[in-house]
Each structure stands twice: as structure tokens, then as C-alpha cells.
Amino acid sequence: MSIEWYLVLAALLFAIGAGGILVRRNPVVILLCLELMLSAGALAILSFSRMLGDGDGQVFVLIVLVVAACEVVVGLGLVVAMFRRRIPLDVDETTELRG
Amino acid sequence: MLSILLWLPLVFGIVALLVPAARAWVPALAGTALTLVLAAVVAVGFDPGDPGRYAESVSWIPELGISYSLAIDGLSVFLVLLTALAWVPAVAFAASRNAGDGRERLFYFMLLLGETATLGAFLASDLILFVLFFDLMIVPFYFLFGLWGRTRDGATAGGATTKMIIYTLVGSLLMLVAAVAVGFSAEEVSGKPISYSIPELIARGIGESDQYWLFWLFALAFFIKMPLFPFNGWMPDAYRVAPLPALAVFSAVLSKVGAYGFLRVVLPVMPDAAELFQTAILIFAVVSIIYGSAIAFTKIDLRMIIGFSSVAQLGFITLGIFALDETGANGALFQMINHGLVVVPAILIVGLIAERTGSEDLGPMGGLAKNAPIFAVIFLIVTMATLAIPGSPNFIGEFLILNGTFQVSVAIAIVASVGVALAAYYALRMYQRTMQNPLPPGSDSREISLRDALIIVPMVLVLVILAFAPQIVLGETGDAVSAVVEKVGQLG
Amino acid sequence: MTFQPPEIDYWALSPVIALVFGLALTVVLAVAGRLARIAPAAAILSMVVAGGLLIGQWGESKDVIGGTLELDGLSITFSLLILLAGIVAVLFSLGDPAAREAGRPDFLALLLGSVLGMVLLTQANNLVTFFIALELFSIPLYALCGTDLRREDSLESGLKYLIIGSLGSATLLFGMAFVYGASGATGFEQIADGLSSSDLLGDPIILTGVGLVTVGLAFKVSLAPFHQWTPDVYQGAPTAVTAFMAVATKLAGFAVFARFFLTALEPLADEWDVILAAIAAISIVVGNLGAISQDSLKRMLGYSGIAQAGYMVGGIVVASTEGVEALSFYLAAYLALNLGTFAVLVVREQRDGSDDSIESLRGIGRRDRALAWPITIGMLGLIGLPPTVGFLGKLYLITALVDGGWTWLGILIVLGSMASLAYYLRVVGTVWSGETESPGHAPGPSSRLLGLIVGVGIVFAVLSIGFGILPDPLYDFAAQAGEAIGSLPG
């Protein structure tokens, strides 16, 4: 069973996620794109794990999913804190810090 | 013994940090005086036939092959003595003028740290140690010029020192890389484990092609330090703002470290490159002579005259070194001492003149000799030495240098001689405009005080002695200089 | 199918256990009402205990959990430095309004979590633990940046760091996937075996993998061209957090950088060393140029940190034991110089109410020697001047580079140091400027805590000069780290 298609899909998801981060302005959407990228990585690892017949990859993916969830929690926490303080939720507008 | 000599000034400098500010000059003066005594002891005990005497070496960073090695030989013995000798009047002058501006303790600490750093550069027998002290030298002077300097003629203390330290560090940091590369090249050539001990590096030799680019990195650092044209951009502003005691030692001694570096490191370790690039360096040197002299006589600011005159003098010294001839090199080493002996009194005299006339510009001056015959005589001796009149040791030095240069290139020697003539012009003009002519109002012609005389006269006295007995120096340095020059001459 | 539990060396794991215990304790203290006051002491204590346990295993080299974590010279030395940074960060944060507002035990818990992640990262010997530890140190750090709830920039910097940091993590993960696929293993030594046994040099999969892992790590240690977040985040975060970030992220990041590239990817050294050298060169240029025009001290230190990270990469480029030793030495020097500088910043902020502009330091050379000298020594050391330890650090890196045949990179480090004169000296000049009518904030009343922080600054300044003159202990310390990356040339 060839895994090339899975890898192509993973690469595609990774690219879409990365593109989304660069293009979109709403931080919640950006967090979503981050999830997409992490899932892409997970998919790639799973595919390789299948190809190699090795169990390590599958364990790795489980852990990645947990970590991704933690990351999003903190991200959303920051977004909520910003919302509560009426800071505009638009990453292009958040120019307090000169880029 | 050498370690004690090296660290003594710093120790006293630290003591100066701890005593009440008004008394800070006491440990400073005591420290420099004691250092002078020690230096004299070492010099007297020095025997050219036994160069290993006094040498000491301790492994410092064995992982990198760096050792804490000190040594003294014909090349460095008189430079060490000059250093010790020059610091005493500088500190004495500073003390007599209550220098320090509220921060006396720090002032004297920095001054004495400078002495240790300079001594370190002359005494170091390990290449990385030499580079370390070379780099360290600039730090106290950065603070001395920056914190106690005065804005003058558009140059601010901060701006001038920043420029100075950037120029200097550009050279010395590149030299650091070059030094590391020298170590590795010598390791490769000899197959023995890496060492930065200078005698060891000389014995091993480094690859010819490596020499060519390493030579220029070292040369750059030394050219900037001395300074020679065209790397003297930092000099005018720095000389303008510097406090006089610090400027005296800076101009007299630190500049010589650059020239010494050529004799100690570049010629013995990179002889092939030295031979190849000889003409290029000679041209730099002679251009510096003409440039320095020419600019010196367009200036009316006393500091600038001295500064540009130093550029010319260092050009002469470099000429002598790169004549790659025993006579010339001996002359160069002798001239290093002479120039140092001339500059310290010259700069302190600038201070005396400024106190009498209220300015350091030749324009409104005149007639200071009127009621001050002794002052006039002292200044006259210094001026005559500056222009290298026969009868001064500087004449002997320049003669030897020109002699050596003549063997290499008649044309260059002739052009250099023009520099001698120019020196006569600006030196005499400086004397005449300050001491003779009518005394303008606002100027106060008073005799040199006993205290000031005691500060300045000793160095002038040494100058006079050397005029009559140059073999005191030349006799001791001959062997070491020959060894250096022969190494270059040994090539196929 | 029987389950084989892994071999766990509990003694080797004990420092981690101590930190976990500290973390749990601070979390509990957060809801313990009055008891919350002992949280800082608890945090520091757990870090000290962890440090002690690490020192107790000095010189050993062992496997902690079934090959996934390795406690050796590299991890012990780097972890000790990280713990030191953590303890100092706790001290800095005690007077910080941010910590008070975010609830001190919570702040400390996040800090301990990050420290735990960093310590684990220095030991990581397997792709999985690498990823977990990396995230474990990063995620609390994102939150920590945002804890100064009164300032808009703080929250923004937290979010910005999270977005860009996670971008880096995701890239790293994707790269790891390819490395795993190409080598067939997740353990570092096994990866090396997998790579050298199969004929994969030049294979696009492995090269993509290495490239992506490099990108991901470059994000974390702020190397150009992945450095965009650094100045903004350093400025926006509370000063105690910035101090911790500047130093500890580099320590943890470079530890795993060294271990991964020099153990797992060692067979491919000829492929990746040029890439890393290029990144180092770009970082040196970008970092130094960027710092020159900054008026904010924290931003300037951010940019200069990028350049410094570029110098440090040199230690990995040479792929030799000497390189790792030089890297460790330089990082230790960097810690002392940086934390000394930040101590001064923290005191100015908490005691005198200054902002972090360079101007606010004007004239403290006259008014406040105890602050002026540490920051002066810090600046001179970061330039690399004798007699500071910074000079010896640069010397060590240059030596390793010349020895490894990378002389041009050594020259670039020197050129970078020269360029850095422009901004580091500016700070020194401002500190010692003699103007009595200075606009800087006058010193306010001191408390015992602030006195302690001033003391910390002075201690680091003294260490910077002391090790600059007698560097032997530090060389031995660095040699420990080098030994761990055993079978390398040099």
C-alpha cells in the first residue's frame, strides 16, 4: 500500500494551514490553522508509521493530539483575555508592538 | 619578578579605589614610582646573552594551548622601562592639578590599569596573551578620555572616544582571528600540539600562503594603533578631548605597542610575507611621514601639532623596521624610546602653556620665555629633540633609520628626509610662537614651578643622557634586533 | 502480547520529579489562600533541590527512561544553567506588578512548567520526548508573556509568540515526520543508524525533514530569518519573563540542537553544516543591524540576542566536541552577562518606575554605581572585550571554528562584534554621561528584595570578570558538556 497520497495530503494541509496563518486576520481562525498544521504533521507521522510497520509513530501521534489541544487552550485563553479588555481581535490591527 | 612588575600598577590602582578620594593620588604615585624602581632593577639585571632570565610561564588555558607567559628581551626591556618612566610624571602632573573631577579614585584606577595593560603587551610571550593585553589597553583609555575628556573644537568626549574604540577594536578583533589562525597554522606545519607561545611559534613557522593574509590582519591592527596614514581618522578628535596626563602616556607609549608588535610578532613569525610586502609597507610609512609633517605645520592647535607629528614619527619608526636591515631596525627601536621621552614632556608643557595663556592655540600666544628662562630652556631641548637636531638622540635614531632605508630604496629615503626638514619647520614654529615674540595681554609669563620642573625634567634629562651615550640602549638591543632581522633575511 | 514496561532509572529521573513536585505544589498553593505566600520559596526550593540532584550525578552518563531521555554531561550542565536562570527569574518577578496581578502561584507554576520542559529538553534523546519537552517549555512561556494584564502589549506579545512559536513547532513536527520516515526510528541513536545504513544522502525526504526541523528550531532560539517575533515579544513581556526567555530558551534550544544534530543527524553533517552556517551568517547580520537603531533596551537586547544566537550556531556548525564545549562556555558567559544586565533593568523598573528606554539610564553612572557597573560590564562582555568572560567565550568559538575549517565564520563573528560596538557602547555612554540635569528617573526607596536583586546583578558582574581572568572552572564545566557528544572529531 503506497503512502504517497497520504503524504501529499499532509503536505497540502500543512501548506493550507501555513497560508492561513499568514493571510487570515482573526486570531481564532489562526488557531484553527495551527491545528491544521499540527494535524498535517500527525498524518505524515502516521503514514510513515504504517509504511515502516512501527508502533512508535502511532504513540507519537496520540501525544501530538494532546499537545495540540493544550496549545489551543492557552491560545483561546489569551484571545478571551484580549476580548475582555476590548483589544481588537485582528492581528493586523494589533500594532501596539511595532513589527 | 616580571609578574610582580606587571601587576603592581593594577594592585595600587585597586588600593586607590579604596582610599578617600582626595588621597587617591597617593597610592597611584607610589605605585608608579615603585613600578619604575622594579623596571629599573629588571633592566639593570638584564643580560642580552641570557634572554631566558626573568622569563616565566604557567599554563593558563591548556585546552586551547594558551599560556600565561612573560619574558623580557632586547626588544622589550627599554620599552618596559619607558612605560614605567612615562607613567610617573603623568600621575604626578595629574595629582598636582587635582585631576579627577570628583571621581579621583576611578581616574587613578583607570590610569594604573592602563599601565598594567601596556606592560602586559610588552611582556607577553604568548600570542593570545599579547592580543588580550592589546585589546585590554583600550578599555581604561576609553573611560579616561570619555569620562574626563573635555569637549573642544566640535569634538565631544563621547563621540571621540566611541570613534577611537571602534577603529581600534576593528583592528584588534581581526587580529584575534589572525592570532588563532597563526596558532593552527603552526600546529599544522609542525605536527606538534597547539601552542601560542611566541618563541615556539617562531620556531615552528607557519605556512607561506597563510602568512600573506595573516600579515595584513596584524598590520591593520598595528597601523590603526600607531596610527599611520590612512588609519588615523580617530586621532584628531581623540587628541582634542583627552585629559593631558592620559594623553601623555597614550601618545608616548601605547602607540609604540603597534610598532613593537611588528618586531615581536609579524617579522619573526611571518618572514616571507614581510619580505614580499616590504615595499608596500615602506610606502605607507613614508606617506605617513609626509602626511603627518605636512598637516602638522598647518595646525595651530598644540595638541594637533603633537598628534600629527607623532604620525610622522611612527612613520619613521615603521620605515626603520621594514628596511629589514639591522641598522634601520636598531634605529627604529631607539627612536621608539626617544619619541616617548619627547612626547611626555611636550604634552605636559602644553598643559603649562595653557595655564599661562588660557588656550592651546598658537594664534594668540607669544612671549612666554620673557620671565621664564628655565622653562624656555626645557622647552627648547624638547623642541630640538622633536626636530632631531644633531646632538639629540632622535638625530641618531633617524640617521640609523635613513641609513637602513637607503640600502633598500634611495628614493624612499630621500622622500623621508623631506619629512625631517618639515619637522624642523613645525617644531621651531611651535617654539617661536609660544616662547618668543611679544607677550600678549592675558598671558602670564611665569617661571616653571619647582614642582612642575621636578615632574618634567627627569625625562628630558634621560633624553640628554641618551644623546651622549646612545649605546646604553643600542648596546643591549642589538642582539635581539639582529635575531629578528636575520630571520627575514634567511629566506631563499 | 505482553507489555514490556520501560527501564526507569528513578535516581536519574529525580531532578525531574523534584520539579514536578514543585509544580504540583505551586498549583495547589494557588487555591490555598493565605498559604500562597510561600509559593515563591517553594518554587525556588524545588529548583534548588533539582539542581542538587543533578550535581549529585555529575560526570555520569545514563539512560533515564528506556532510551528516550539521556542524563549526561550535556544535559546536566545545561540544566543547571537553566535552573539558575529560573531561580533568578523568580527573584526578578517577586516585585513585578505583573506577577501580583496574575496571581503569584499561577505565575510561578507556569514558570516551573517551562523550566521543567527545558530540563527535559536537554535530556531528550528521542523525537517524541523532544516534541513533548519542546511544547512543555513553550506553552507556559506563551502564557507568561501575557501575564501583565494591565498592558496591552503584554497580551499581544503573548498571542504573537504563541502564533509564531506554534508555527515553528508545527514545522518542526512535520520535519520530524520526515526524519522518522527516512530513518525508520524515533530514538536519536537509532536515527543515526538508520540514516547511515541506508543510502539516503541526498534523498529529498530526509533533506526536507532536516530543513524543516532546522526551521522549527530556528524559530525557538530566534535565529534569522525566523526572528520576527523576538523584538516585539521581548518588549511586550514583563521584564522578568524577558530575562528568563532571553537566556533559558537559548540554553534549552541549543542543548537539543546539539544533541539532535550531532547524534541523530551526524551522518548527514556535510549536508546541513552549510545550511546552519548560512543561518548563522544571516542572524549575525540581521541581529546586529537591527539592534543599532533601537531606543528600547529590551528590543535592543532582543535583536542582539539574535546575533548572539548566530554566534552560538557556529559551535554546532563545526560538528566537533570542541564546538560543543565552546558553545557551552559561551552560553554560560551569556547567562551571566545577560542576567546581570536584566537585574539592573528590573531594579530600575520596580524601584524607580523607569520604562525600558536607553535614555532612562542616562547619568546613573554618577547617581547609582551599584547599577552602573553591572550593566557596563554586561555590555562590555557582550561585545567581547577583555577582561570579561565574553572575550574568552568569543575566543573559544573562534578557535573552534578555525580548527574546524570555518575561518570565514570566525571572521564574521568578529565583524559582528565590531558592529555591536555601535549599540552596546551607546548604552555605556548613556550610563556614564556626566549630565547632572538628567531626564532619567531618580532612584526611589529600596526594599530588601530590591537590594537582593541589585546583589544578584553585582554577583553576575563579578563572575563575568572573575571567569574572564580565571576561566578554568568554566572550561571544565564546558568540557563536561562536550564529552557527552562523544564520538566526534576534535
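Residues numbered from 1 in each chain as written. Chains lettered and ligands numbered in written order. Predicted model: local features only at pLDDT ≥ 70, side-chain atom pairs only at ≥ 80, totals over all residues. Heavy atoms only, no water.

Caption draft 1: Representation of the overall build of chain A within the structure. A tally of regular secondary structure across chain A gives three helices and zero strands. Reading the secondary structure of chain A in the N-to-C direction produces α-α-α. Classification of the 99 residues of chain A by burial places 39% in the buried group. Across chain A, every contact between residues at least 6 apart in sequence was considered, and the portion connecting residues at least 24 apart equals 56%. (Helix = DSSP H or I, 4+ residues; strand = E, 2+ residues; numbered from the N terminus. Buried < 20%, exposed > 50% of the residue type's maximum accessible area, 1.4 Å probe, protein only. Contact = heavy atoms within 4.5 Å.)

Caption draft 2: Seen up close, the pattern of salt bridges. Evaluation of the coordinates by the stated rule reveals 13 salt bridges over all chains. One salt bridge connects Arg204 of chain B with Glu200 of chain B, and the closest N-O pair in it is separated by 2.8 Å. In this pair, Arg204 of chain B and Glu200 of chain B both sit in helix H7 (residues 198–204), four residues apart, roughly one turn of the helix. Judged by its relative accessible area of 12%, Arg204 of chain B falls in the buried class. Looking at Glu200 of chain B, the relative accessible area reads 25%, which means it is partly exposed. Between Glu60 of chain C and Lys62 of chain C there is a salt bridge, and its shortest N-O distance comes to 2.9 Å. (Salt bridge = Lys/Arg side-chain N within 4 Å of Asp/Glu carboxyl O.)

Caption draft 3: Highlighting the nonpolar core. Among the nonpolar cores identified, the biggest contains 425 residues, and Phe130 and Phe218 of chain B together with Phe130, Phe260 and Trp272 of chain C are the most heavily contacted of them. If near-sequence neighbours (up to four positions away) are discounted, Phe260 of chain C is found in contact with Leu127, Phe130, Val179, Phe188, Ile191, Val213 and Leu265 of chain C. (Core = buried A, V, L, I, M, F, W, Y, C linked by side-chain atoms within 4.5 Å.)

Caption draft 4: Expanded view of the confidence of the model for chain B. All names here are of chain B. Per-chain confidence: chain B averages 87 in pLDDT, with 99% of residues scoring 70 or above. Considering each helix and strand of chain B separately, the mean pLDDT is smallest for helix H19 (residues 471–489), with a value of 80, and largest for helix H4 (residues 104–123), with 93. The ipTM for the predicted assembly is 0.91, set against a pTM of 0.87. (pLDDT = per-residue confidence, 0-100.)

Caption draft 5: Quick peek at a negative patch on the surface. All names here are of chain C. There is a patch of like negative charges on the surface, built from Glu7, Asp63, Glu189 and Asp193. With respect to the helices and strands, Asp63 occurs in strand S1 (residues 62–63). Take Asp63: its relative accessible area is 34%, and that puts it in the partly exposed class. (Patch = residues over 30% accessible without salt bridge, like charges linked within 9 Å, V, L, I, M, F, W, Y side chains within 5 Å. Areas by Shrake-Rupley, 256 points an atom, 1.4 Å probe, with all protein chains shown as cover. Lys, Arg positive; Asp, Glu negative; His and termini not counted. Charge placed at Lys NZ, Arg CZ, Asp CG, Glu CD.)

Caption draft 6: The arrangement of the interface of chain C and chain B in detail. Listed by partner, the interface residues are 35 residues for chain C and 32 residues for chain B. Interface area for chain C against chain B, summed over the two sides, is near 3,000 Å², with a carbon-plus-sulfur share of 81%. Scanning the region where chain C abuts chain B turns up zero salt bridges. Of all the elements in the fold, those that place two or more residues in the side of chain C that touches chain B are helix H15 (364–367), helix H16 (369–383), helix H17 (389–403), helix H18 (407–432), helix H19 (448–469) and helix H20 (472–484) of chain C. Per-element accounting of the side of chain C that touches chain B gives the leading share, eleven residues, to H18 of chain C. Of the residues contributing to the side of chain C that touches chain B, the split by class is 21 nonpolar, eight polar and six charged. (Buried area = accessible area lost by both parts, 1.4 Å probe. Nonpolar A, V, L, I, M, F, W, Y, C, P; charged D, E, K, R; others polar.)

Caption draft 7: Representation of the arrangement of the chains within the structure. Interchain contacts are distributed over two pairs of chains, and the most extensive set of them lies between chains A and C. Taking C-alpha atoms only, the smallest gap left between chain A and chain B, which are not in contact, amounts to 29 Å.

Caption draft 8: Spotlight on the interface of chain C and chain A. With 39 residues of chain C at the interface, the matching set in chain A holds 43 residues. When the two sides are added together, the surface that chain C and chain A hide from each other amounts to roughly 3,600 Å², 80% of it contributed by carbon and sulfur. Here chain C and chain A share zero salt bridges between them. Here chain C and chain A share three residue pairs in polar contact (both at pLDDT 80 or more) between them. Residue assignment for the side of chain C that touches chain A shows that the elements contributing at least two residues are helix H6 (127–145), helix H7 (152–183) and helix H10 (229–236) of chain C. For the side of chain C that touches chain A, the leading source of residues is H7 of chain C, giving 22 residues. Classifying every residue of the side of chain C that touches chain A gives 21 nonpolar, eleven polar and seven charged. (Polar contact = N/O pair within 3.5 Å; in protein donor to acceptor, adjacent residues only side chain to side chain.)

Caption draft 9: Highlighting the packing of aromatic side chains. Considering all chains together, one arrives at 55 aromatic pairs over all chains under this definition. Each ring, one from Phe130 of chain C and one from Phe188 of chain C, has its centre 6.2 Å from the other, and the planes form 80 degrees; the classification is edge-to-face. You can see Phe130 of chain C sitting in helix H6 and its partner Phe188 of chain C sitting in helix H8 (residues 188–197), a full 58 residues away along the chain. Given the relative accessible area of 0%, Phe130 of chain C is considered buried. When the ring centre of Phe134 of chain B is taken as reference, the NZ or CZ atom of Lys225 of chain B above it lies at 5.6 Å. Against the face of Phe375 of chain B rests Arg356 of chain B, its NZ or CZ located 5.0 Å from the ring centre. (Phe/Tyr/Trp six-rings, centres within 6.5 Å; stacked < 30°, edge-to-face > 60°. Lys NZ or Arg CZ within 6 Å of the ring centre and 35° of its normal.)

Caption draft 10: Molecular detail of the side chain of Thr35 of chain B. Residues and elements named next belong to chain B. Tracing the sequence through the fold places Thr35 in helix H2 (residues 25–45). Accessibility expressed as a relative area gives 0% for Thr35, which makes it buried. If we ignore the near neighbours within four places in the chain, the residues touching Thr35 are Leu5, Leu8, Pro9, Ala84, Glu115 and Leu119.

Caption draft 11: Representation of helix H11 (residues 239–264) of chain C. Residues and elements named next belong to chain C. The terminal C-alpha atoms of H11, which comprises 26 residues, lie 36 Å apart, in line with the 38 Å expected from a rise of 1.5 Å per residue. Considering bend angle alone, the principal kink of H11 is centred on Met245 and spans about 30 degrees. Counting buried positions along H11 yields 26 of 26 residues, so the element is predominantly enclosed. (Expected span 1.5 Å × (residues − 1). Bend = angle between axes of the 7 residues up to and from the residue.)

Caption draft 12: Highlighting helix H12 (residues 278–296) of chain B. The end-to-end C-alpha separation of H12 of chain B is 27 Å, in line with the 27 Å expected for 19 residues at 1.5 Å each. Elements that come into contact with the buried residues of H12 of chain B comprise helix H8 (208–225), helix H11 (271–276), helix H13 (302–322), helix H16 (393–408) and helix H17 (410–435) of chain B.

Caption draft 13: Summary view of the packing of helix H12 (residues 269–292) of chain C against helix H13 (residues 297–317) of chain C. Residue and element names in this part refer to chain C. One way to put it is that H12 packs onto H13 with a least axis distance of 7 Å and a crossing angle of 155 degrees. Relative to H13, the element H12 is oriented roughly antiparallel. As for how H12 packs across H13, the hand of that crossing is left-handed. Contacts from Trp272, Asp273, Leu276, Ala277, Ala280, Ser283, Ile284, Val286, Gly287, Asn288, Gly290 and Ala291 of H12 reach H13 at Met300, Tyr303, Ser304, Ile306, Ala307, Gly310, Tyr311, Val313, Ile316 and Val317. (Axes fitted to C-alpha atoms, helices over the stretch in contact; angles between N-to-C directions. Parallel < 35°, antiparallel > 145°, perpendicular 65-115°, else oblique. Left-handed = near helix turned anticlockwise from the far one by under 90°.)

Caption draft 14: Just unusual backbone geometry, in detail. Looking along the chain, the bond that leaves Phe229 of chain B and enters Pro230 of chain B is cis, with omega of 5 degrees. Of note, the amide linkage connecting Pro386 of chain C to Pro387 of chain C takes the cis form, showing an omega dihedral of 0 degrees. By secondary structure assignment, the location of Pro387 of chain C is in the loop between H16 and H17. Phi at Leu324 of chain B is positive, roughly 55 degrees, even though this residue is not glycine. When you line up the elements, Leu324 of chain B lands in the loop between H13 and helix H14 (326–357).

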